[in-house]
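Each chain, letter by letter, is given below.
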Amino acid sequence: MSANLFFVSLLIALVGPVIAITYLKPILYKVLRMLCDADGGAEFWIRCAYLLAVSGTLLLMLTFGEFNDRSSVIDTVRRSLWLVLAGVFVTVAIISRNVWMQVRQWLAAKELAAHVQGGRVAGPGASALSTDSSTATWPA
């Protein structure tokens, strides 16, 4: 096993996901602040995202990385980048899916609250049904 290839691969596995989550952090922070009422909730979930991304890519690298002396540097770096990108992709997909599910629930609750308070729903998700039971009609 080549120590140089091993440490270069680990460095790639650490830096790649940190760059990805750092890129997402400003918008992720805004969305999480909207969804998390608890003080520090958004910061907690962003730190979890960092840990998930870094640990996932490190696990992929340690499991499937190629560090033997017979491997060329280019092949090792190529494999390392592939593993890191796969790990980051899966991590961002998991985070995006879970955040989007929460945003959808938040939007549905907001729409329901507007419907209950105002007697009607405004906006693109507005119901085509009349809220007055005496004149209720189905959409054509």
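These notes cover the structure that comes with them. Since the model is a prediction, treat every value here as computed from it, not as a measurement.

Quick word on the packing of aromatic side chains
Move 1: Under the criterion given, the structure shown has 3 aromatic pairs.
Move 2: Ring geometry for phenylalanine 6 and phenylalanine 7: centres 5.3 Å apart, planes at 70 degrees, overall edge-to-face.
Move 3: The exposed category is assigned to phenylalanine 7, whose relative accessible area is 53%.
Move 4: Here a set of aromatic residues connected by ring pairs shows up, and it is made of Phe6, Phe7 and Phe67.

Re helix α2 (residues 41-64)
Move 1: Along its 24 residues, α2 runs 34 Å from first to last C-alpha, staying within 8% of the 34 Å computed at 1.5 Å per residue.
Move 2: By the burial criterion, the buried members of α2 are Gly41, Ala42, Ile46, Ala49, Ala53, Val54, Thr57 and Met61.
Move 3: Where α2 is buried, its residues touch α1 (3-35) and α3 (73-118).

Here we look at the environment of leucine 32
Move 1: Counting through the fold element by element, leucine 32 comes out in helix α1.
Move 2: Given the relative accessible area of 7%, leucine 32 is considered buried.
Move 3: Taking C-alpha positions, leucine 32 is 9.8 Å from phenylalanine 44, a pair spaced 12 residues apart along the chain.
Move 4: Leaving out residues up to four positions away in the same chain, leucine 32 has contacts with Ala42, Trp45, Ile46 and Val99.

Cut-offs used in this document
- Residues numbered from 1 in each chain as written.
- Predicted model: local features only at pLDDT ≥ 70, side-chain atom pairs only at ≥ 80, totals over all residues.
- Heavy atoms only, no water.
- Phe/Tyr/Trp six-rings, centres within 6.5 Å; stacked < 30°, edge-to-face > 60°.
- Buried < 20%, exposed > 50% of the residue type's maximum accessible area, 1.4 Å probe, protein only.
- Helix = DSSP H or I, 4+ residues; strand = E, 2+ residues; numbered from the N terminus.
- Expected span 1.5 Å × (residues − 1).
- Contact = heavy atoms within 4.5 Å.

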